[in-house]
Amino acid sequence: YPSPCHPAAPPEHIKEPLAYMRKAQGSWEKRILKSLNSMCTELNIPLAQKRPVNEQKELLNKWNEMGTDEPDLRLFRPVYAPKDFLEVLMNLRNPNYENGEQPSFRNHLGLIQVPLKVKDIPELKEDFSELGLNLGQLGIDDSAQVPPEFFENEHVHVGQKVLAEQDSAAAQQYVRQGCPTALRADLWALILNISNQPEDILYYEQLKSNVIQHNLLVDSLIYKDVKLTASNDDYYFVFEDYLYQVLLCFSRDTSILEHFTYSSATPPKSYIQGKLGVEEYAVFYPPNGMINYNSFILSVAPLCFLYHEPSKLYQIFREMYVRFFFRLHSISSHPSGIVSLCLLFETLLQTHLPQLFYHLREIGAQPLRISFKWMVRAFSGYLATDQLLLLWDRILGYNSLEILAVLAAAVFAFRAVNLMEVTSLAAAEAVLADLSTLKVMPLLQIFLFATVT
Amino acid sequence: LRIMAGKVKWVTDIEKSVLINNFEKRGWIQVAENEDWNFYWMSVQTIRNVFSVETGYRLSDDQIVNHFPNHYELTRKDLMVKNIKRYRKELEKEGSPLAEKDENGKYIYLDFVPVTFMLPADYNLFVEEFRKNPSSTWIMKPCGKAQGKGIFLINKLSQIKKWSRDSKTSSFVSQSSKEAYVISLYINNPLLIGGKKFDLRLYVLVSTYRPLRYKLGFCRFCTVKYTPSTSELDNMFVHLTNVAIQKHGDDYNHIHGGKWTVSNLRLYLESTRGKEVTNKLFDEIHWIIVQSLKAVAPVMNNDKHCFECYGYDIIIDDKLKPWLIEVNASPSLTSSTANDRILKYNLINDTLNIAVPNGEIPDCKWNKSPPKEVLGNYEVLYDEEMAQSDGTERELRARPGQPTGLKGSRARDSGKPVLTTWK
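Reading the values: the criteria
- Residues numbered from 1 in each chain as written.
- Chains lettered and ligands numbered in written order.
- Predicted model: local features only at pLDDT ≥ 70, side-chain atom pairs only at ≥ 80, totals over all residues.
- Heavy atoms only, no water.
- Helix = DSSP H or I, 4+ residues; strand = E, 2+ residues; numbered from the N terminus.
- Buried < 20%, exposed > 50% of the residue type's maximum accessible area, 1.4 Å probe, protein only.
- Contact = heavy atoms within 4.5 Å.
- Areas by Shrake-Rupley, 256 points an atom, 1.4 Å probe, with all protein chains shown as cover.
- Domains from an automatic or database assignment.
- Buried area = accessible area lost by both parts, 1.4 Å probe.
- Salt bridge = Lys/Arg side-chain N within 4 Å of Asp/Glu carboxyl O.
- Nonpolar A, V, L, I, M, F, W, Y, C, P; charged D, E, K, R; others polar.
- Pairing = 2+ DSSP bridges.
- Disulfide = S-S within 2.5 Å.
- Axes fitted to C-alpha atoms, helices over the stretch in contact; angles between N-to-C directions.
- Parallel < 35°, antiparallel > 145°, perpendicular 65-115°, else oblique.
- Phe/Tyr/Trp six-rings, centres within 6.5 Å; stacked < 30°, edge-to-face > 60°.

Considering the overall build of chain A
- Across its full length, chain A holds 20 helices and four strands.
- The buried share of chain A, reckoned over its 453 residues, is 56%.
- Of the contacts made within chain A by residues no fewer than 6 positions apart, 78% connect residues no fewer than 24 positions apart.
- Just so you have it, chain A exposes about 19400 Å², and 54% of that area is on carbon and sulfur atoms.

Section: the domain arrangement of chain A
All names here are of chain A.
- Taken as a whole, chain A is organised into domain 1 (11-92 + 196-326) and domain 2 (338-450).
- Each of domain 1 and domain 2 was reduced to a C-alpha centroid, and the two centroids are 28 Å apart.
- Of the residues lining the interface, 23 residues belong to domain 1; the matching set on domain 2 comes to 22 residues.
- Buried area between domain 1 and domain 2, summed over both chains or domains, comes out near 1900 Å², and the portion from carbon and sulfur atoms is 75%.
- Three residues, Leu 86, Tyr 235 and Phe 324, lead the burial of domain 1 against domain 2; their summed loss comes to 29% of the area buried on that side.
- On inspection of domain 1 and its partner domain 2, the count reaches one salt bridge.
- Close ionic contact of Glu 87 with Arg 369 constitutes a salt bridge, the shortest N to O distance being 3.7 Å.
- Element by element, the count of residues in the side of domain 1 that touches domain 2 is highest for helix 4 (residues 82-90), at six residues.
- Tallied by class, the residues present in the side of domain 1 that touches domain 2 amount to 17 nonpolar, four polar and two charged.

Quick notes on the sheet that holds strand 2 (residues 29-30) of chain B
Residues and elements named next belong to chain B.
- Spatially, the four strands line up as an open sheet ordered 2-1-3-4, and their pairing is parallel. Each edge of the open sheet is held by one strand with a lone partner, namely strand 2 and strand 4 (64-65).
- Bridge count for strand 1 (residues 9-12) against strand 2 is two bridges, and the pairing is parallel. Its bridge partner lying in strand 2, Trp 10 is registered against Gln 30.

Observations concerning the pairing of strand 8 (residues 181-185) of chain B
All names here are of chain B.
- Extensive coverage of strand 8 is indicated by the burial of four of its five residues.
- Strand direction decides the pairing type here: strand 5 (residues 116-119) and strand 8, joined by four bridges, are antiparallel. By the bridge assignment, Met 118 is partnered in strand 8 with Val 182.
- Both strand 6 (residues 138-142) and strand 8 contribute to a ladder of five bridges, which runs antiparallel. Each bridged residue has a counterpart across the sheet, and for Lys 141 the counterpart in strand 8 is Val 182.

Digging into the state of the cysteines
Residues and elements named next belong to chain A.
- On inspection of all chains with the given rule, the structure shows zero disulfides over all chains.
- Cys 304 supplies the cysteine sulfur nearest to Cys 249, a cysteine that is in no disulfide, at a spacing of 13 Å.
- For Cys 249, a relative accessible area of 0% translates into the label buried.

A look at the sheet that holds strand 8 of chain B
Residue and element names in this part refer to chain B.
- Strand order in the open sheet made by the four strands is 5-8-6-7, with antiparallel pairing throughout. Both edges of this open sheet fall to strand 5 and strand 7 (152-154), since each of them pairs with a single strand only. On average, each strand axis in the sheet is inclined to that of its neighbour by 30 degrees, with strand direction left out of account.
- Lying on the sheet, helix 4 (residues 77-93) is in contact with strand 5, strand 6 and strand 8; it crosses strand 5 at an angle near 130 degrees.

Some words on the packing of helix 3 (residues 53-61) of chain A against helix 9 (residues 198-213) of chain A
Residue and element names in this part refer to chain A.
- Between helix 3 and helix 9, the least distance of the axes is 8 Å, while the angle of their chain directions is 135 degrees. By the angle between their axes, helix 3 is oblique relative to helix 9. Contacts between helix 3 and helix 9 involve Gln 56, Leu 59 and Leu 60 from the first element and Lys 208, Val 211, Ile 212 and Gln 213 from the second.
- The residue inventory of the contact of helix 3 with helix 9, partitioned by class, reads four nonpolar, two polar and one charged.

Quick notes on unusual backbone geometry
- In the segment running from B:Leu119 into B:Pro120, the intervening peptide bond is cis, with an omega of 5 degrees.
- Mapped onto the elements, B:Pro120 comes out in the loop between strand 5 and helix 5 (123-132).
- Positive phi, normally seen in glycine, also occurs at A:Phe379, with a value near 70 degrees.
- Position of A:Phe379 among the secondary structure elements: in the loop between helix 15 (367-376) and helix 16 (385-398).

Concerning the pattern of salt bridges
Residues and elements named next belong to chain B.
- Throughout the structure, instances matching the rule amount to 22 salt bridges over all chains.
- Across the salt bridge formed by Glu 90 and Arg 86, the nearest N and O atoms sit 3.1 Å from each other. Placement of the pair is Glu 90 and Arg 86 together in helix 4, with a separation of four residues, close to one helical turn.

Here we look at the packing of aromatic side chains
Residue and element names in this part refer to chain A.
- What the rule picks out here adds up to 31 aromatic pairs over all chains.
- Here the aromatic rings of Phe 85 and Phe 372 are separated by 6.2 Å at their centres, their planes lie at 55 degrees, and the arrangement is tilted. Of this pair, Phe 85 sits in helix 4 while Phe 372 sits in helix 15, placing them 287 residues apart in sequence.
- Since its relative accessible area comes to 1%, Phe 85 is described here as buried.
- With a relative accessible area of 2%, Phe 372 lands in the buried category.
- Plain terms: the ring middles of Phe 128 and Tyr 398 are 4.7 Å apart, the flat faces sit at 80 degrees to each other, and that makes the pair edge-to-face. Of this pair, Phe 128 sits in the loop between helix 5 (121-127) and helix 6 (152-164) while Tyr 398 is found in helix 16, placing the two residues 270 residues apart along the sequence.
- Owing to a relative accessible area of 2%, Phe 128 belongs among the buried residues under this scheme.

Set out below in C-alpha cells:
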C-alpha cells in the first residue's frame with residue numbers, strides 16, 4: 001500500500017516519487033501498448049467484442065473446463081517476455097547521477113545501474129529477526145527429526161488461537177514463523193481481510209457474466225499464456241481450468257484500477273472507434289488495465305492448493321496482486337519493486353560472494369540474468385509447492401518482497417561451489433535449472449544468520 | 001556342482017530400461033533363461049510355466065523370482081473379491097471385532113471394496129442389488145485383462161443381457177475364466193481436484209508376506225473433466241484413469257503425463273481439508289493394503305524363492321473414504337515422462353536392494369528383514385513378527401510418547417519405518 005508521504009504531494013508522486021522512474025515506466029507502457037495494437041491490426045481482431053448469444057451459451061456450459069479447448073493460438077504471442085523487461089531495467093539511468101567511473105569493485109558490477117538504497121545484511125537480520133537461529137520455524141523445526149513438542153505443537157496451538165480471535169495483525173506476526181498447512185488458507189485470508197461475504201460472491205458472479213458476454217482480445221493472450229506455463233507444470237497442471245476462470249474474471253475487474261493510484265503504472269486507454277483522442281470516449285483497456293499475464297499466471301496457481309471455491313480463490317489472488325505482485329511488473333523505486341529487488345540481489349551477492357560474482361561476470365553469466373525470472377514470478381514454478389507456500393508465508397508476514405532477493409542470493413550461495421567451476425552462461429543456467437529439491441527456510445537462515453559477514 | 005562366480009546372474013523377459021539399467025549398475029551378469037541364473041524378473045506368463053505341474057521346475061536356494069506362484073489370488077479381480085469376502089466371513093465367525101457391522105449391515109472396518117459380483121455366476125444376486133438402486137451405475141471389468149481393456153459402464157440391466165444365465169437369446173457363455181467378468185458398483189462421487197477425477201497408484205513390496213510399502217506412489221489424473229451425467233458413460237477418457245487409455249486422449253499432456261505425486265495430494269488435502277482427516281485417509285489406505293494382504297495370505301503359496309511388487313489402485317471418494325479397486329501383479333514399467341522414468345527407476349532400485357540384499361547371490365534362507373538403511377523410499381507397512389511379539393496382532397501401537405498422526409506423516413518424509421496405528 002502507498003507509503004506515507006507529504007500531504008501536498010501531487011498524485012504522481014504517490015505513484016512514484018522519482019521522475020526518471022515515472023518516465024521509464026511510461027515509455028515501457030507505450031511500447032507494450034504498441035505491441036498489443038500492432039498484434040490487433042495484424043490479426044484484424046478487435047480489442048473487444050460482444051459475443052453472439054450461442055457463443056455465450058457455449059462458454060457458460062464449458063466454464064469449468066476451458067482447458068479442453070484448443071483454439072488456434074499460433075498467431076498470438078505474449079506481449080513481452082521477462083528478458084525484454086530485464087533489458088529495460090538494465091538501461092535505467094538516473095540523469096541526476098553522474099557516475100563516470102568504469103564499473104569496478106568500488107562500485108556496482110551488476111546489471112542494475114541506478115542508485116537506489118537497498119538494505120545490507122545487518123539491516124536484513126533486524127528486519128527478518130523472526131527467522132533467526134534461536135527461534136522455531138516451520139520449514140525447519142517441523143522436520144521428521146525434530147520432536148513436535150519442541151516447537152511445532154505449540155506453534156499450531158498459537159495459530160488456532162489467532163484464528164479463533166480473528167486477529168489480523170497477530171496473524172501477520174504469526175506467519176513470520178510459517179503457517180501450519182491446515183491453517184494456512186484461513187490465516188492468509190485473515191491477513192488479506194478476505195471473508196467471502198455474499199456480496200463478494202455476487203461480485204465474482206458479475207465478473208463471470210461479463211466474461212460470458214464480451215470477448216476481449218486479451219482473453220486469447222491469457223489462454224495462450226496459461227497453455228505455455230501452467231499446463232506443462234508438474235504441480236499446477238491440475239488447476240488449469242481454475243486459472244482461466246480467475247484470470248478472465250480478473251481482466252474485467254475494474255476495481256483493480258484503484259491500485260494504479262499507488263502503482264507507478266498507468267492503465268492503457270483505448271478509444272471507441274472513430275473517437276480517437278476524445279476523452280469522453282476513452283475506456284481503459286482491458287477493464288482492469290493489465291495486459292501481460294505471462295508473469296503472473298504462476299502466482300495464481302499455488303493458491304489453488306489452498307482455496308477451491310472460485311470466488312474465494314479469486315479474491316485472495318486479487319488481493320495478493322494489488323498488495324504485492326504488481327510491484328514485480330512495473331518500474332518503480334519502491335523497496336519491494338522489481339528494480340530494488342534486482343539491485344538488492346546483486347548487492348548481496350557482490351558483497352558476500354565477491355569471488356563468485358566476479359567469476360560469473362567474467363564468463364558472461366551475470367547472476368541477475370538467471371535469478372530475474374525467479375524473482376519476477378516470486379519463485380512460483382521453480383520451487384516445490386510446499387516450499388513456495390512457506391516462502392509466501394513470509395511475504396505476507398513481513399509485508400515485503402525483499403525476501404525474494406535474499407532467497408535468490410541464498411540459492412547462489414548454496415550452489416557456489418558448482419558455480420565456481422562453470423565456464424559459460426549455459427553451464428551456470430544448468431547448475432541452477434532445478435530448484436525443486438531446495439528447502440527455502442534453511443537456505444535463508446544460513447545466508448542471513450550463519451554466514452560470516 | 002554349481003560354480004559360484006560371485007556375481008548375480010539375471011534374466012528377464014521384460015525388456016525395460018528401468019530394469020536393465022538397475023541390473024547393469026550393480027554389475028550383474030545377463031544370462032539366458034536356460035542357463036544358471038540367480039534372479040529372474042518374469043512376466044506373469046513365465047511364472048505360470050515355472051510353477052506349473054507339467055512344465056515347472058524346482059528352484060534352488062540361490063534363485064529368486066519376482067512373482068508368487070498364485071499371485072492371481074490377489075491380482076485377479078474376481079479372486080481378490082472372493083478372498084476378501086471369505087476373510088470377512090471368517091473373522092465374523094470367530095467373533096473378531098474387526099468384523100463388526102453397523103446398523104445397515106455394512107462392515108465398519110472392512111468395507112473397502114465396492115460391492116462386487118461375479119458374472120455370470122452371481123447374476124441373480126447382482127440383479128437383486130441393482131434393483132435396490134435402479135439409478136446406480138456399475139462398471140463391468142473382464143477378469144483376466146489389464147490396462148483398462150474391455151471395461152465398460154452400464155446403468156441398465158439390458159446392457160448386460162448376455163451375461164444373464166436365463167437369457168434365451170444369448171449363446172452359451174463359456175465358463176472359462178478368461179470370459180468371466182466382475183461387476184462393481186461404480187463410485188460416482190470420487191474426490192475431484194481441479195474438477196478432475198484421479199486415482200492413486202501405490203507400490204507395495206511383499207517378501208514372504210511381510211509387506212513393505214513404497215512411499216512414492218503417484219496419482220494419475222484424468223485429463224477430461226469428470227461428469228457424472230449419463231450421456232458421458234461411453235466416454236472412456238472421463239471415467240478410466242489408466243495411463244494406457246489416457247495417452248490416446250486429445251488432451252494428454254506428454255510433459256507431466258497427467259500425474260501428481262502423493263506428497264502434492266497430501267499438501268492439497270491438508271491445506272483444504274485439514275490435517276486430521278488427511279492423516280485418517282492415509283491411515284485407512286495403509287489399513288486397506290494390510291487387510292487385503294492378510295486376506296490372501298492363507299491361500300497364497302508363500303514360496304521362499306518369491307517376492308512381488310504389486311501395484312495397488314485406490315480411488316478416494318468425496319467423503320475422503322478410500323476404495324480398493326484392484327491390485328496389479330505386473331505394474332507397468334513403461335515410463336511416460338522423465339519424472340515417471342525416475343520414479344520407476346528408483347522403485348526398481350529400492351526393490352532390488354531389499355529383495356537381493358547387498359546385491360549378492362541370494363540365499364533363500366535369508367531373514368527377509370532388511371535393515372532400515374536399505375529401505376530407500378519404502379516404509380515398513382506391517383511386520384507380522386513385530387506385531388505378534390507385541391502381543392496384539394490387531395493393534396499396532398505407535399512408538400510411545402509421540403502423537404501418532406503427526407509422526408506418521410513425518411516418518412514418510414524421512415523414510416524411517418514407522419508403525420501406523422489403526423483403530
